[in-house]
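# Structural overview for review
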Amino acid sequence: MADDLRRKPYIHTWTDEDGIQRQAKIHWTRDDRTVVWDPRYLGDPEPWFDGRYEIGTPGSYVGDEELVTLGDPNSPWYGLVEPDEQEAE
């Protein structure tokens, strides 16, 4: 990604095959993929799912450290993507 600041997640809305309107908050990863919160089990270290992959295949899940979306300011991943590089300048 060209910028080093966090990106805001966005809401995706769709209607499923039963006519029910659904929404999901879409987040961004460092390599510009879009992912949704979908942990496989309690305490999952890689809870973010990329829907372009089949579940269980390599690359289908990523961890919090790969995100570049805004989140909890107390999170270690909030703020600049590469804070050490910014401090060096």
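In this report, the structure presented in the accompanying data block is examined. Going along each chain's sequence as written, the residues are numbered from 1 onward. At least 70 in pLDDT is required for a residue's local features to be given in this predicted model, at least 80 for side-chain atom pairs to be given and counted, and no such filter applies to totals for whole chains, interfaces and linings, which use all residues. Computation of side-chain values covers all heavy atoms of the structure but excludes hydrogens and water.

### Focus on the pairing of strand β3 (residues 34-37)
Operational definition: Paired strands, in this sense, are two strands between which DSSP finds at least two bridges. Only DSSP runs of H or I reaching four residues or more are called helices, and only runs of E reaching two or more are called strands; each is numbered from the N terminus.
As judged from the two bridges shared by strand β2 (residues 21-28) and β3, these two strands associate in the antiparallel manner. Paired with W28 across the two strands is T34, which belongs to β3. Hairpin geometry of β2 and β3 is characterised by an intervening segment of five residues between the two adjacent antiparallel strands and by a positive phi of about 65° at D32. As defined by bridge partners, β3 adjoins strand β4 (residues 48-49) across two bridges and the pair is classed as antiparallel. Bridge assignment links V36 to a residue of β4, and that residue is F49.

### Digging into the side chain of D16
What counts here: Each residue gets one of three labels from its accessible area relative to the maximum for its type: buried under 20%, exposed over 50%, partly exposed in between, using a 1.4 Å probe on protein chains only. Pairs of N or O atoms are called polar contacts if they sit within 3.5 Å, as long as, within protein, a hydrogen donor faces a hydrogen acceptor (for residues adjacent in sequence, only side-chain-to-side-chain pairs).
You can see D16 is positioned in the loop between β1 (10-15) and β2. Residue class for D16 comes out buried when judged on its relative accessible area of 14%. A distance of 2.9 Å separates a polar atom in the side chain of D16 from the backbone nitrogen of D18. A distance of 3.1 Å separates polar atoms of two side chains, one belonging to D16 and the other to R22.

### Here's the deal with the sheet that holds β2
In sheet architecture, strand pairing relies on hydrogen bonds along the backbone and comes in two forms, parallel and antiparallel. The five strands lie next to each other as β1-β2-β3-β4-β5, forming an open sheet whose pairing is antiparallel. Strands at the two margins of the open sheet, each flanked by one partner only, are β1 and β5 (61-62). With two bridges joining them, β4 and β5 adopt antiparallel strand pairing. From the neighbouring strand, F49 faces β5, where its bridge partner is Y61.

### A closer look at the environment of G59
Quick note on the threshold: Whether two residues are in contact is decided by their heavy atoms: any pair within 4.5 Å suffices.
Here G59 shows up in the loop between β4 and β5. Taking the C-alpha atoms as reference points, G59 and F49, ten residues apart in sequence, are found 8.7 Å from one another. Beyond its immediate chain neighbours, meaning those up to four positions away, G59 contacts R33, D50 and Y53.

### Quick word on the pattern of salt bridges
Spelled out, the test is: Put simply, a salt bridge is a Lys or Arg side-chain nitrogen that is within 4 Å of an Asp or Glu carboxyl oxygen.
Overall, the coordinates contain seven salt bridges when judged by the stated rule. Residue R22 is joined to D16 by a salt bridge in which the shortest nitrogen-to-oxygen separation is 3.1 Å. Measuring nitrogen to oxygen at the nearest pair gives 4.0 Å for the salt bridge that ties R40 to E46. The class of R40 is partly exposed, set by a relative accessible area of 42%. Through salt bridges with shared partners, a single ionic network connects D31, R33, D50 and R52.

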